[in-house]
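# Analysis of the macromolecular model
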Amino acid sequence: MTDAQSSATQTASLAKSDFSHETVLLYETVDAVLGKTPTKKQSKKVTEPQGKVSGIFVDATFGRGGHSKLLLESLSEDGQLFVFDKDPEAIAVAEEIAKSDNRVTVVHDSFANITHCLQQHGVSQVNGIMADLGVSSPQLDDGSRGFSFMRDGAIDMRMDTSRGQSVGEWLQTVDEEDLANVLFDFGEERHSRRIARAIKQMESYTSTLELAEVIKQAHPKWQKGKHPATQSFQAMRIFINNELGDIDSFLEQSLSLLAPEGHLAVISFHSLEDRRIKQFLQRHSRGQYPEDENLPMPPVRPRYFSKPIRIAPSKAEVSVNNRSRSAWLRVATRTDTPYNTEPSELHS
């Protein structure tokens, strides 16, 4: 075993044993991507399919594999599951599963590159795509990753620690105005300018707890039950990982990737994510696009998705997994309308 393989195995073991991860909207999401579209009354288990399901499916955000493992239980022997993740620790867990299940193909990349990556494996269309957006519980619980304002660690916040600039490195060079804009645009932080000024006065950017304390002291109005650094940490994480740009790219690619009657199921955790998914599905299920809004007689446009539904976690789930309280699952089925990529038919 090489050093790299040994490291990956150790990482996978650490991820499995040291951090607790409760998969959000587990049964509802797997039901949806299999075509057993759940109602707004949450199910307690996956609807039993008529035998095993064949086809090609994608878990665009593998995490620790909760959704993937359950989906694999319903896939036939000739089914395929492609799992994507930016995080090397998540990839290590996925590779352990792939070693014993040849239906699983692991891709260490962002779902923003989903079309290109699938094409490299000879796949142009799939039967279902699921995604669980945002930061995972293991990432939050591991202080060394820098996502948490409750555990000390380097100010990193990268989903993929093998590439790119950390938040700490970015804070050293960003000017105050640009920082304030990031806090406002990606964290919806009303006091962004005051907080940005305090952050730029810090002597170093090496400790998440120190950063959180500076934000706490600079924040003039604390919301009950919410740490005053919550929105600022969210903003810096979203910015450094280009999360919203990746979501937009991923959603647009789903139009051509999903086969007729293919299913899209996406979980979001805050309004910036959910708003994008909602508006995307509304546009492409109604055939109503921004360029037609002021026309007296709007032309008939393609409808690429069925009417979407939105599902919240059950009270029972929230009671055992507090992090699920802000989650929304949006589900839609691809129609049989071919996706035309000519400029006149693109409605981003």
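Please read these numbers as outputs of a predicted model, since none were measured by experiment. Here the residue numbering is sequential within each chain, running from 1 through the sequence in written order. Two thresholds apply to this predicted model, a pLDDT of at least 70 for residue-level local features and 80 or more for giving and counting side-chain atom pairs, whereas whole-chain, interface and lining totals are computed over all residues. Computation of side-chain values: all heavy atoms of the structure, hydrogens and water removed.

## Points about the overall build of the protein chain
Strands here are runs of E lasting at least two residues and helices are runs of H or I lasting at least four, both read from the DSSP assignment and numbered beginning at the N terminus. Counting its regular elements, the protein chain contains 14 helices and seven strands. To sort residues, take the accessible area from a 1.4 Å probe on protein chains only and compare it with the maximum for the residue type: under 20% means buried, over 50% means exposed, and anything in between is partly exposed. For the protein chain, the residues scored as buried account for 52% of the 348 residues in total. The contact criterion used throughout is that any non-hydrogen atoms of two residues lie within 4.5 Å. Counted over contacts in the protein chain with a minimum sequence separation of 6, partners at least 24 positions apart contribute 66%. Only the protein chains shown count as cover for residues, with accessible areas throughout obtained via the Shrake-Rupley method and a probe of 1.4 Å. A total accessible area of about 17,100 Å² is found for the protein chain, and carbon and sulfur atoms account for 47% of it.

## Considering the UniProt feature "binding site: S-adenosyl-L-methionine" (unreviewed entry) in the protein chain
UniProt positions are given in the numbering used here, feature names are shortened, and annotations may be inferred rather than shown by experiment. Per the UniProt annotation, the sites labelled "binding site: S-adenosyl-L-methionine" (unreviewed entry) are G65, G66, H67, D85, F111, D132 and Q139. Positionally, G65 belongs in the loop between β1 (56-59) and α3 (66-74). Within the secondary structure, F111 sits in the loop between β3 (104-108) and α5 (114-120). For F111, the residues in contact, after removing those within four places along its chain, are A60, T61, F84, L133, D246, I247, F250 and Q253.

## Digging into the confidence of the model for the protein chain
Scored from 0 to 100, pLDDT records how confident the predictor is in each individual residue. Scored by pLDDT, the protein chain comes out at a mean of 88, with 88% of its residues at no less than 70. Of the regions scoring below 50 in pLDDT, residues 39-44 engages in 11 contacts with residues more than four places distant in sequence or in other chains. Overall, residues 342-348 carries pLDDT values under 50, and its contacts beyond four positions in sequence, including any with other chains, amount to 15 contacts.

## A few points about the pairing of strand β2 (residues 80-85)
Across a regular strand the side chains alternate sides, sitting on one face of the sheet and then on the other. In terms of burial, β2 is a largely internal element, five of the six residues being buried. In this analysis, strands are considered paired if DSSP registers two or more bridges between them. Bridge analysis of β1 against β2 gives four bridges, and the strand direction is parallel. If you follow I56 over to β2, its bridge partner there is Q80. Assessed by its sense of winding, the connection that carries the chain from β1 through α3 to β2 is right-handed. Pairing of β2 with β3 involves five bridges; the strand directions are parallel. Opposite F82, over in β3, you have T105 as the bridge partner. The handedness of the β2 to β3 crossover, carried by helix α4 (residues 88-100), is right-handed. With strands facing away from the observer, any crossover in which the path from the first strand over the helix to the second runs clockwise is taken as right-handed.

## Describing a positive patch on the surface
Judged by side-chain charge, K278, R286, K307 and R310 come together as a positively charged surface patch. Looking at where K307 falls in the secondary structure, it is placed in the loop between α13 (271-286) and β6 (309-311). Owing to a relative accessible area of 74%, K307 belongs among the exposed residues under this scheme. Only residues above 30% relative accessible area that lack a salt bridge enter a patch, with like-charged residues linked at up to 9 Å and the nonpolar side chains Val, Leu, Ile, Met, Phe, Trp and Tyr linked at up to 5 Å. Any carboxyl oxygen of Asp or Glu within 4 Å of a side-chain nitrogen of Lys or Arg constitutes a salt bridge here. Only four residue types enter the charge count, namely Lys and Arg as positive and Asp and Glu as negative; His and the chain termini do not. Charge placement uses NZ in Lys and CZ in Arg. For Asp and Glu, CG and CD serve respectively.

## Structural notes on the pattern of salt bridges
Pairs can form between side chains of opposite charge whenever their charged atoms are close. Under the counting rule described, the total for this entry stands at 16 salt bridges. Here K86 and D246 are joined by a salt bridge, their closest N and O atoms 2.9 Å apart. Linking K86 in the loop between β2 and α4 with D246 in helix α12 (residues 243-257), this pair joins segments that are 160 residues apart in sequence. When its relative accessible area of 19% is taken as the criterion, K86 is described as buried. On the accessibility criterion, D246 (11% relative accessible area) is buried. Across the pair D156 and R158 runs a salt bridge whose closest N-O atoms are separated by 2.7 Å. The exposure class assigned to R158 is buried, which follows from its relative accessible area of 15%.

## Comments concerning the side chain of D292
With respect to the helices and strands, D292 occurs in the loop between α13 and β6. Using a relative accessible area of 5% as the deciding quantity, one classes D292 as buried. Each residue touching D292, except ones within four places of it in the same chain, is listed here: P298, P299 and R301.

## Brief notes about helix α10 (residues 208-218)
When α10 is considered as a whole, its buried residues turn out to be T208, L211, A212, I215 and A218. All buried residues of α10 lie within an arc of 130° about the axis, which places them on one face of the element. Lining the buried residues of α10 we find α7 (167-173), α9 (192-200) and α11 (230-240). Summarising the geometry, the arc corresponds to the directions from the helix axis toward the C-beta atoms.

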